[in-house]
Structures are given as C-alpha cells and as structure tokens.
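# Results of the structural survey
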Amino acid sequence: MQKLILTLKHLFQESAVAPNAKARVEGIVSQVRSAMEVAVCSLYLVNERGLLTLVATEGLNPASVGKIQLPIGRGLVGRIAETKHPLNVLSASADPHFVYFPDSGEEIYEAFLGAPVVHAGELVGVLVVEQKERRKFTEEEESFLVTVAAQLGSTAPTEFQTETEAGAQAGATSGSLTRRVRGIAGAPGVGIGNALLLSDTMDLMTVSDAPTNDVEGEIGLFRDAVQATLQEFAESQKKIAESVSSDVADIFTIYEMLLQGPDLTSTAETHIKSGKNAATALRIAVSHYSSRFEEMEDEYFQARGEDIRNLGNRVYARLRNITPPTIKEGEKVVLVGGLVSISDIAEFPVEQLAGIVSRDGSSLSHTAVVAKALGLPAVMGVGHVGEIPQGEVVIVDGYQGQIFLRPAQSVLDEFRRLIFNESSLARELSKLKEFPAETTDGHRVQLFANTGLLADITPGLTHGAEGIGLYRTEIPFIVHGSFPSEDEQVAVYRSVLEAYAKMPVYMRTLDVGGDKPLPYFPFQEENPALGWRGVRFTLDNSVIFMTQIRAMLRAAAGHPNLNIILPMIGSVHEMEAFSELLNSALEQLSEEGFPVCRPRVGIMAEVPASIAILHFLSGKIDFVSIGSNDLTQYLLAVDRNNSRVANLFDHIHPAVLQAVEEILIRSRAIGVPVSVCGEMAADPCAALLLLGLGIENLSMSAFSIPRIKWLIRSVSREEAREQLALAKQCPHPEEIREQVSDFLVSKGLSRLFEPAQGPVETKVS
C-alpha cells in the first residue's frame, strides 16, 4: 500500500508538466498500471455526443483508442458511468453487462475494477484496471483507484477531453482525434484559421536574474526600448483606429500613460542602479505592479495586471530586437500565444484575423475588449495546450470558451455553418441600434453599459446603450503610485460624463479595500469578501472620500447626468454618514465658486442586509442598483472564482430570484426605481425573468446589449410573467434554465445561445 501512496503523490505532479493532453493521459494510465501491477489500465472520457470513448490504454490493443465507444449504461464501463459507483468484478466475461469488442484484446482478461471520474458533480469518464486471472481486487486496490479517479476529476479533465471523428477527411486520417481544449470565453463568435504562433521568447516573466557592470549603458538601453515601444504604440494605435472606434484604440493611451508615468519606469531604473541588467529590472518592476492587480479577487482588476504584463513584454521585445511574424496575403490566421496583446493584434490586417487564443488572460482583459470591438472570437486562459504546429488549422469557439485542434471535416463543416449564420445574426441585430428595447405589448426597458476605463466607453454607444449603468472609479486610484489628486479625478469623470452628455451615468464610489487593496495602502484580511471594502473603507478614510465626492460634483458642472452609487451599503448609518459628506462637499464647492448641484444618489443592493433596511432609507436614496454578482455570491455563500464550488454559482437560483423580487417590492414601497447590473442582466434566461418581475433598467457589457434588446423586442411582458410564475415552482436552477431556454427557443430566439439556421426577425417597425 505504501507504494500506491507514493505513486499517488507523484502521479499528478508528473502529469501536470506533460507536454500535451495525450502525453498526460498516457502517463496516468501507465503509472497506475505499474503501481497496481495489473495487466491493463484504460481511461474512457465522455465525448461531445455523450459516448464513453477510450482515450488511453496500456494493455489493450492501441488501435482501439478512439474506436471503442459506449453509451452510458452499456457494458461494464457504461454501468459505472450510469451509477457513478465503482465496480469490482471477479469475472468480467461472466457479468451480464459485459460487452465484447473484437480486436481490442480484452477477452483474455477476467478481473475488472473501474471507478467513475467526476468533476463538479458531472461524470467526465471512467478509469479501469484489468487482470487475466479471476479474482476480486482488494479493498486497498479499490481505494487507490477510486482516489486516483477522484484526483483526476478534481484537476478538471475536460482540458483533455477528446472526440473521435471516424471517416475524417481533408488530411485527417480515419479515426483521428479532434482535440478540444477548454478556456475562458473572451469574446463571442466562431473563427477558423491557421495557427500563427507568437514567440514565447517575448515572455518577460521567464527572464532570469542577471547583473550588469554598466549601469549607465543598461539605463540607456532601457530608455531606448521604452521610447521605441511608445513609437510602436503610436503606429499600432493609428492602424487599429481604422477598424475600431477611437476610444477603443485609446487603450494604447493607457499603456503610454503607464510607460510615461513615474512608477513603472522609475522602479525599473532603480533596480538597474542596484546592479541588475535592464531585462531583469524590467521583470522585477512589472512583476511588482502586475501582482498587485492579479492578487485581487475582482476579475476586472485581475485583468489590469495582464495589461501591465503585456506592456512589459512589448518593452522586452524591443530590448531583444524581436519582430513579429508575417502572414501571407489573403491567409486567415488565429493568433496563438502565451499572452496575446493588443499590440500583437494591431500588427496584422483585421480582415485576415480569424480569432485569438491566449494561454493566459481573462474575459475582462484589454485583449478581450479589443477582440470584441473588432468582432474577433477570443478564448483566453487555455493554459498549457502542448505543441500546436505553426499553420495548423484551429477552430476558435468564443461562445463556449473552447478551441478545437486537428478538426475533422465534419467538425469543420459544422463550424463553417455556424460562422455563416453568426455573421447573418450580427447584421440583423445591428438594425436594432436606433430602436428601443420595448416588448411586443409596449413595455419599455432601458439598457445601459457597464464600464471602468475611458477606453471602454465607446462600445456602449456603438451598441445602442442608453447610458452607463455602472462606472467603476477604482482605476485612477489603483494605477497611481499615490492617491490621485482632485483635479486628476475631475478630468477622468468629466470625460465619461461628456461622452454620455444626454444620458444618465451611474458612478460607483471607490470600491477598494479587502480584495482590491491599493498598492500604496496595503493591508491583509483573513476573509476579504466580508472585510474592509466598499463604503466601509471610504467612510473610514473620509479625506479620500471627500476628495472623490468633490471631484464628481465638479466634473458634473454643466453635465446634470451624474448619479452616485454607494457600494456595500449594509446599514442606515453608512447612508447617513455619506449624506453628511455630500452636504459638506456641496457647501464647500459653492463657497469656492463652483456651479454644483446635488446629484441623485442610490445604493448597490449587494449585501443581503441592504434588503432588510430599504424601508429605513425612504427619503435618503433616489434609486437602487442590484449588484447581481455579489448579491448572488453572498446569498449562496459561493465564491464563483473557486473552481470547486463555481458550478453552484447561478443567478437564477430560487433564492436569488426571491431576493430580487423582495428588493423590488420594498423599493416600490418607498418610491424608488430599481436597476440590475452584472452578469444576471446579460443572461438571456435571467433577463426574461427580470422582465417578468418588472425590472425596467438593465446594465451589462456593451456587447450583450443587441442580443438582450432582441429578446425584449420579441416577447411580451405577459409572457415573461408567465415564465416567472413557472420558474417560481421549480426548486432547482437547472430546471428554471431549461424551462426558460425552451420558451426562448419556441419564440425563435435559439440564436441567443448559439448561431442557428434561418433569418432573424428583429421587429424594427
């Protein structure tokens, strides 16, 4: 047994560094076979069609890999999958569930032991060992195999799930494997192109420490690289501005500000002066500032760390005089790299880009923002996917956050159909931009955009946003080396208010602390989600808070579209304390000669306690904005960034729907309107139920607006109420989602979930 324990300890360490998925599964079955001293070890995984497919074996005929397939419930393997329970059989051939596959070589083995592989409660495969002689495997052996299967499930084996495509054409041999790799949906859409590998030699984080004896020379090299990078950004900005709005192209301006600012460059030069060479110093500086963001729980701010690493990679490339690869005229390519940057994207003609695949990154990265603006599908965070040959055909599925390698002809044909239909959908939905989000029975819903950077503003206008429903004000604070001045904040806020001059803009006050610490104001907490964050932090730091309030009021002079949202309100005292600061700020600015007026003020309903105190806030607030992400997290006690429980995070959970309804009832009682922001607003199923509840304001990613507008214009409020009534009878969120999805499909809205055949009825008249 000691040998088995040692094997278990090292098995997954070794598999984690396997060069590719095939090597990983083959290594697992080989080590299990050796440790248990059995004749056969095999791994079956559930493919896209729900069939258990043999993906790796030691002991059976290798030619059977990819060919042996079983429906769940058939054969001994299928029986394990059906029951999700181990099976220990004395004689496999004598068992009534046994199924014989000719040419597999399995007929000579009798003793059979199998265990299900489960990830997040869902079956993904079956791990099997076999022996020639008839015998029952021991309890220790069974326990070991069950443990290996459990570990295999906990490491998300969907990363190397494969699908057998017999009869593949176009260069793929019959029975070859179409490999699917899961990542994060960065930008929606589907694309097919040849892989264009971006050199990983530009990965600054791989640089080893190296000294220098020529400090002045290294500083000169560093400054030259910075200047060359700034010039490159200027040229790239000009190129990409031809394809996207100027504000999206202004993401380069953010990079330029970081490079021209004192923090990053001065930190790097300080390390050069301490004896490090330029590359080492740059790595240390970039690592320091990027880690500040990446350690935060908020995905939006984690993505800002990626921006800084992108910036570092570009400067490093200039230090090494590395130039980007070239493509043939007319060739469609998929950019593949460790950290694809917007500078990489800008190097190539947009019409020749089919998609983006990045080993790192998130759906909130600038790469994803630009990909969305360009209409390019992007999959981020695919991790280590092994060797992808230069020029190999890659399918990018930005809807599901997955890529397909070595696609068989049948897979290619299906995705080409989806691409055709998706382009048709985009053209049809663009007709809706100037039309209101109004139900078929005349109920109007306002659709707003969420944003957090100046460069994110224009996509909302492009897609028909009627205002900004959530503007995160944290960025000016986090990117500075110290608290930003009042004037600096005024300039940022005024830009946002002017861009949406005739529309409402809802600005959330500083939401740092806890999981979003400031680089220059560090502190640690055991449970940051329940800690010193949001309004708790700002009220305790009233000088900072007063400066921000004054900046907002000054920026709104001549722009009466400002609305202030307070995050994490959980008590009446917090609201009253803010009101005192607001009154004081108005009085101060009036005395100083600024033409200010009182803005509308509301709260983010995200702390469950805020629901219970709403009636006490009568006369103190003008609106309520439901922060669906945090509200869901707190109600369900689920951290959606924790992979072990993320599958439990669902904003159409009965508890969440009941909480939203209660907020509506209590808000109506005190006469204030309610909006919903976050992922809930952009989810078609949730949006329909919110419509049924009577929500009239939704705020979401700018790129979700056309689809949600299409949904609203395709249904009546009465139908939404009927679906809500049915949903209230369902105890499980899965049942609610299935019921609402079926209804939307029946209304001809199946393409909200994936492209489908046929034209779209957009109801523009």
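Up top is the structure these notes are about.
Remember, it's a predicted structure, so these values are computed and weren't measured experimentally.

## Overview of helix H25 (residues 705-714)
Each full turn of the α-helix corresponds to 3.6 residues, which orients residues three or four apart in the same direction. The element H25 is extensively covered by neighbouring structure, given that ten of its ten residues are classed as buried. All of the buried residues in H25 are Ile705, Pro706, Arg707, Ile708, Lys709, Trp710, Leu711, Ile712, Arg713 and Ser714.

## A look at the packing of aromatic side chains
Under the counting rule described, the total for this entry stands at five aromatic pairs. With a centroid separation of 5.0 Å and 85° between ring planes, the pair formed by Tyr506 and Phe623 is classed as edge-to-face. Note that Tyr506 is positioned in strand E19 (residues 505-508) and Phe623 in strand E22 (residues 623-627), a separation of 117 residues in sequence. Taken individually, Tyr506 and Phe623 each receive the classification buried, so the pair is uniform in this respect. Three or more aromatic residues link up through ring pairs in this structure, and these residues are Phe448, Tyr506 and Phe623.

## Some words on helix H3 (residues 75-83)
Residues of H3 that are buried: Gly75, Leu76, Val77, Gly78, Ile80 and Ala81. Buried positions along H3 lie against strand E1 (40-46), strand E2 (51-58), strand E3 (69-71), strand E4 (87-89), strand E5 (111-119) and strand E6 (122-131). Lys84 occupies a position one or two residues after H3 and carries a positive phi of about 50°.

## Digging into the environment of Glu466
With respect to the helices, strands and loops of the structure, Glu466 is situated in the loop between helix H14 (457-462) and strand E18 (468-472). For the pair Glu466 and Ala449, spaced 17 residues apart in the sequence, the C-alpha separation amounts to 7.8 Å.

## Structural notes on the pairing of strand E11 (residues 333-337)
Across the five residues that make up E11, a large majority, five, are buried. Of the two faces of E11, both are covered, the one formed by Val333, Leu335 and Gly337 as well as the one formed by Val334 and Val336. Judged from the four bridges that link them, strand E10 (residues 190-197) and E11 form a sheet pairing that is parallel. What sits directly across from Leu197, in E11, is Val336. As paired strands, E11 and strand E12 (residues 353-358) are joined by five bridges and run parallel to one another. Its bridge partner being in E12, Gly337 is matched across the sheet by Ser358.

## Details of empty space enclosed by the protein
Going through the model one piece at a time under the given rule, you end up with five cavities of 30 Å³ or more. If you add up the space inside the largest cavity, you get close to 100 Å³. Lining the largest cavity are Tyr44, Ile68, Leu70, Gly75, Leu76, Val77, Phe98, Val99, Phe101, Glu106 and Phe112. The greatest single-element share of the lining of the largest cavity, amounting to three residues, is contributed by H3. In the lining of the largest cavity, the residues fall into nine nonpolar, one polar and one charged.

## Brief notes about the sheet that holds E1
The six strands lie next to each other as E3-E2-E1-E6-E5-E4, forming an open sheet whose pairing is antiparallel. This sheet does not close on itself; its edge strands, each paired only once, are E3 and E4. Put simply, the sheet's adjacent strands are angled 20° from each other on average, direction ignored. Along the sheet, H3 makes contact with E1, E2, E3, E4, E5 and E6, crossing E5 at roughly 40°.

## Section: the pattern of salt bridges
Tallied over the full model, the rule gives 26 salt bridges. Across the pair Glu576 and Lys620 runs a salt bridge, and its minimum N-O distance is 3.5 Å. Here the residue Glu576 occupies a position in helix H19 (residues 572-591), and Lys620 occupies one in the loop between helix H20 (608-612) and E22, the gap between them amounting to 44 residues. Note on Glu576: relative accessible area 36%, which makes it partly exposed.

## Examining the side chain of Gln548
Structurally, Gln548 can be placed in helix H18 (residues 542-555). What Gln548 contacts, discounting residues up to four positions off in sequence, is Thr473, Phe477, Gln489, Tyr493, Thr509 and Leu510.

## Observations regarding the packing of helix H13 (residues 409-430) against H25
Between H13 and H25, the least distance of the axes is 10 Å, while the angle of their chain directions is 75°. Taken as axis vectors, H13 and H25 run roughly perpendicular relative to one another. Every residue of H25 that contacts H13 at Glu422, Leu425 and Leu429 is listed here: Pro706, Arg707 and Trp710. For the contact of H13 with H25, the residue count by class is four nonpolar, no polar and two charged.

Rules behind the numbers
- Residues numbered from 1 in each chain as written.
- Predicted model: local features only at pLDDT ≥ 70, side-chain atom pairs only at ≥ 80, totals over all residues.
- Heavy atoms only, no water.
- Buried < 20%, exposed > 50% of the residue type's maximum accessible area, 1.4 Å probe, protein only.
- Helix = DSSP H or I, 4+ residues; strand = E, 2+ residues; numbered from the N terminus.
- Phe/Tyr/Trp six-rings, centres within 6.5 Å; stacked < 30°, edge-to-face > 60°.
- Contact = heavy atoms within 4.5 Å.
- Pairing = 2+ DSSP bridges.
- 1 Å grid on protein atoms, 1.4 Å probe; cavity = no way out; pocket = protein on both sides within 12 Å on 5 of 7 lines; lining within 4 Å.
- Points joined across faces, edges and corners; volume = space filled by probe spheres on them.
- Nonpolar A, V, L, I, M, F, W, Y, C, P; charged D, E, K, R; others polar.
- Axes fitted to C-alpha atoms, helices over the stretch in contact; angles between N-to-C directions.
- Salt bridge = Lys/Arg side-chain N within 4 Å of Asp/Glu carboxyl O.
- Parallel < 35°, antiparallel > 145°, perpendicular 65-115°, else oblique.

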